[in-house]
Amino acid sequence: MAHVLIIGAGGVGRVVTHKCVMNKETFTKITLASRRLSSCETIAKELPSDAVNIAQVDADNTDELADLITKIGAQLVINVALPYQDLTIMDACLKTNTPYLDTANYEHPDEAKFEYKEQWAKHEAFKEKGLLALLGSGFDPGVTNVFCAYAQKHYFDEIHTIDILDCNAGDHGYAFATNFNPEINLREVSANGRYWEEGKWIETKPMEIKMVWDYPEVGPKDSYLLYHEEMESLVKHIKGLKRIRFFMTFGESYLTHMKCLENVGMLGIKEVEHKGQKIVPMEFLRTLLPDPATLGPRTKGLTNIGIVAEGIKDGQKKKIYIYQVSDHEKCYAEVKSQGVSYTTGVPAMIGAKLMIEGKWSAKGVFNMEEFDPDIFMDELNKQGLPWQIKELD
Ligand code: NDP
């Protein structure tokens, strides 16, 4: 039904491309474009020869991207490049009247800070053009927002607290590696934590707050409070909310490596002079670390991401846990990617599918929890991310 342009031939881009090909009745034409054509070629070779067209594009350059969108006649852009490109890609969509979808909010390359402000500021522009920009259609953000909307719709009159719980119990066998883009990942976990309570953001030191959560199928794991972007939109859209927090699991070894790298300055994002050349330590570290796209064949174990919501239904207190468990090896067997890319790429494809089929439609810039969650939840079950709900005491 539509020609989709996928931008970014990385770990997530691979999953989105495979999944779009598996849903070719919706994605009748698929173009995968990235900074390097070779990244697109690698993915295209994994698929039937006529399944995907490929193109080279620098998505930092709005005009270059707009020319590509026009030349190929793309009807939807899925942005799975890096968060640094969100604004230029949104601008290219506005320039060419094309709907937009991404999985991560805008981050400035020179500042370890991410927020929706600049993307939300484009709401009127998208609205005037009658276009939808769907933000954060990955797992977290993404499915976690949909879980919250589903809890609100079916289980509560008012939700008072939400804890988002993200566990990756996968083992890739390396002493230290990140499961998605190292720069984005390390910037996120080395930053101060933050949660929202009674209308205010409360800042914590990195890894200051820890709890142990017993993840079904994985077992008890240390889970640390982090700031995560979906909280910024959920505090606006979930009625009666008094507190929202985000926790992610980390092993001792990961945290020790990260602390060491931070202590010696390797997580720095400002240029330093080295033998007459300017280098950014974090970018250099990225060169040294294993490419997340190569972790697929080595990673074993499960991911388990979900939300615990507590509130009131018909005057009674209620607490539920909605969660999804994925197996890294099964993900690899299906689409040649490990579970973190898989759990991000599948919801990106689903969001795009609902947009193309007109099941999620609106004019302007929207977050996931603003749409009817039921159709998205059905698609999760059909497209490889089955979920479960438990009522807790
Ligand atoms: P990767 O680093 O594996 O891939 C990013 C790709 O973007 C690379 O292939 C790179 O291209 C391409 N790219 C970078 N800059 C440009 C540019 N200027 N123009 C065109 N292409 C460019 O990252 P991931 O696949 O792991 O992550 C992709 C996105 O998904 C990120 O935004 C990340 O934050 C997000 N994400 C979201 C999650 C969620 O649950 N919501 C979870 C995990 C990730 P090339 O190879 O051609 O050089």
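Fair warning: this is a prediction, and the values are worked out from it, not measured in the lab.

*Asks:* Give me the overall build of the protein: which residues, what numbers.
*Replies:* Broken down by element type, the protein carries 14 helices and 18 strands. In terms of C-alpha radius of gyration, the protein reaches 20 Å, essentially the compact-globule figure of 21 Å for 393 residues. Its C-alpha atoms give the protein principal-axis dimensions of about 55 × 55 × 40 Å. When contacts within the protein are restricted to residue pairs at least 6 apart in sequence, long-range pairs at least 24 apart make up 72% of them. With the model as given, the accessible surface of the protein reaches about 16700 Å², and the carbon-plus-sulfur share is 49%. Across the protein, the centroid of the 44 positively charged side chains sits 1 Å from that of the 57 negatively charged ones.

*Asks:* Which residues make up the packing of helix α7 (residues 143-154) against helix α14 (residues 373-383), and what values do they have?
*Replies:* Following both chains from N to C, one finds α7 and α14 inclined at 125°, their axes separated by 9 Å at the closest point. Classified by the angle their axes make, α7 and α14 are oblique. As α7 packs across α14, the resulting crossing turns out to be left-handed. Contacts between α7 and α14 involve Val143, Val146, Phe147, Ala149, Tyr150, Lys153 and His154 from the former and Pro373, Asp374, Phe376, Met377 and Leu380 from the latter.

*Asks:* Let's hear about the environment of Leu65: which residues, and what values?
*Replies:* For Leu65, the location among the structural elements is in helix α3 (residues 62-72). For Leu65, the residues in contact, after removing those within four places along its chain, are Leu5, Ile7, Val57, Ala59, Ile89 and Ala92.

*Asks:* How would you sum up the site of the ligand? Please name residues and give values.
*Replies:* Neighbouring the ligand are 29 residues; Ser34, Arg36, Ser39, Ala59 and Thr103 lie closest to it. Here an oxygen atom of the ligand sits 3.1 Å away from a polar atom, N or O, in the main chain of Gly10. One of the side-chain N or O atoms of Asp60 is found 3.2 Å from a nitrogen atom in the ligand. When the free accessible area of the ligand is taken as 930 Å², the share hidden by the protein chains comes to 95%. Class assignment for the residues of the shell around the ligand results in 13 nonpolar, ten polar and six charged.

*Asks:* Provide a residue-level description of the sheet that holds strand β17 (residues 364-367), including the pertinent values.
*Replies:* Reading across from one edge, β3-β2-β1-β4-β5-β6-β17 is the order of the seven strands in this open sheet, with parallel pairing throughout. With partners counted over all chains shown, the strands left at the sheet margins are β3 (53-56) and β17, one partner each. In this sheet, adjacent strand axes meet at a mean angle of 20° when their direction is disregarded. As paired elements, strand β4 (residues 76-79) and strand β5 (residues 100-102) share three bridges and run parallel to each other. Its bridge partner being in β5, Ile78 is matched across the sheet by Leu101. Against the sheet, helix α2 (residues 37-44) engages β2 (27-34) and β3, with an angle of about 165° to β3.

*Asks:* Outline a negative patch on the surface, supporting the account with residue identities and numerical values.
*Replies:* Taken together, the side chains of Asp110, Glu111, Glu271 and Glu283 present a region of like negative charge at the surface. Within the secondary structure layout, Glu283 lies in helix α11 (residues 281-288).

*Asks:* Give a detailed account of the nonpolar core, specifying residues and quantitative values.
*Replies:* Ranked by size, the top nonpolar core spans 85 residues in total, and within it Ile78 and Ile162 carry the most contacts. For this core, the leading source of residues is helix α13 (residues 339-356), giving eight residues. The residues contacting Ile162, other than those within four sequence positions of it, are Cys148, Ile238, Leu241, Arg243, Ile244, Arg245, Ile307, Val308 and Ala309. Ile7, Ala55, Leu65 and Val365 belong to the second largest nonpolar core, which has 24 residues in total.

*Asks:* Explain the pairing of strand β9 (residues 200-204) residue by residue, including any values.
*Replies:* Alignment of strand β8 (residues 193-197) against β9, held across five bridges, turns out to be antiparallel. In the sheet register, Arg194 faces β9, and the bridge partner there is Glu203. Linkage of β8 to β9, two consecutive antiparallel strands, is achieved through a turn of two residues, within which Glu198 is found at a positive phi near 45°.

*Asks:* Please give an account of the environment of Ala149 that cites residues and values.
*Replies:* Here Ala149 is to be found in helix α7. Spatially, the C-alpha atoms of Ala149 and Glu370 are 7.7 Å apart, while their sequence positions differ by 221 residues. If sequence neighbours within four positions are ignored, Ala149 has contacts with Ile238, Glu369 and Pro373.

*Asks:* I'd like a description of the pattern of salt bridges, backed by residues and values.
*Replies:* In a structure, side chains of opposite charge can pair up when their charged atoms sit close to one another. Applying the stated rule across the entire model yields 18 salt bridges. For Lys153, the salt bridge is made with Asp374, and the minimal N-O distance between the two is 2.8 Å. Note that Lys153 is positioned in helix α7 and Asp374 in helix α14, a separation of 221 residues in sequence. Among the residues examined, Asp374 registers a relative accessible area of 21% and is labelled partly exposed. Where Lys359 meets Glu357, a salt bridge forms, and the shortest distance between an N and an O atom there is 3.1 Å. Given a relative accessible area of 23%, Glu357 falls into the partly exposed group. A cluster of three or more residues bridged by salt bridges with shared partners is formed by Lys353, Glu357, Lys359 and Glu379.

Conventions used here
Residues numbered from 1 in each chain as written. Predicted model: local features only at pLDDT ≥ 70, side-chain atom pairs only at ≥ 80, totals over all residues. Heavy atoms only, no water. Helix = DSSP H or I, 4+ residues; strand = E, 2+ residues; numbered from the N terminus. Rg over C-alpha atoms; globule rule 2.2 N^0.38 Å. Contact = heavy atoms within 4.5 Å. Areas by Shrake-Rupley, 256 points an atom, 1.4 Å probe, with all protein chains shown as cover. Lys, Arg positive; Asp, Glu negative; His and termini not counted. Charge placed at Lys NZ, Arg CZ, Asp CG, Glu CD. Axes fitted to C-alpha atoms, helices over the stretch in contact; angles between N-to-C directions. Parallel < 35°, antiparallel > 145°, perpendicular 65-115°, else oblique. Left-handed = near helix turned anticlockwise from the far one by under 90°. Near = heavy atom within 4 Å. Polar contact = N/O pair within 3.5 Å; in protein donor to acceptor, adjacent residues only side chain to side chain. Nonpolar A, V, L, I, M, F, W, Y, C, P; charged D, E, K, R; others polar. Pairing = 2+ DSSP bridges. Patch = residues over 30% accessible without salt bridge, like charges linked within 9 Å, V, L, I, M, F, W, Y side chains within 5 Å. Salt bridge = Lys/Arg side-chain N within 4 Å of Asp/Glu carboxyl O. Core = buried A, V, L, I, M, F, W, Y, C linked by side-chain atoms within 4.5 Å. Buried < 20%, exposed > 50% of the residue type's maximum accessible area, 1.4 Å probe, protein only.

Purely geometric stuff here, so don't read any function into it on its own.
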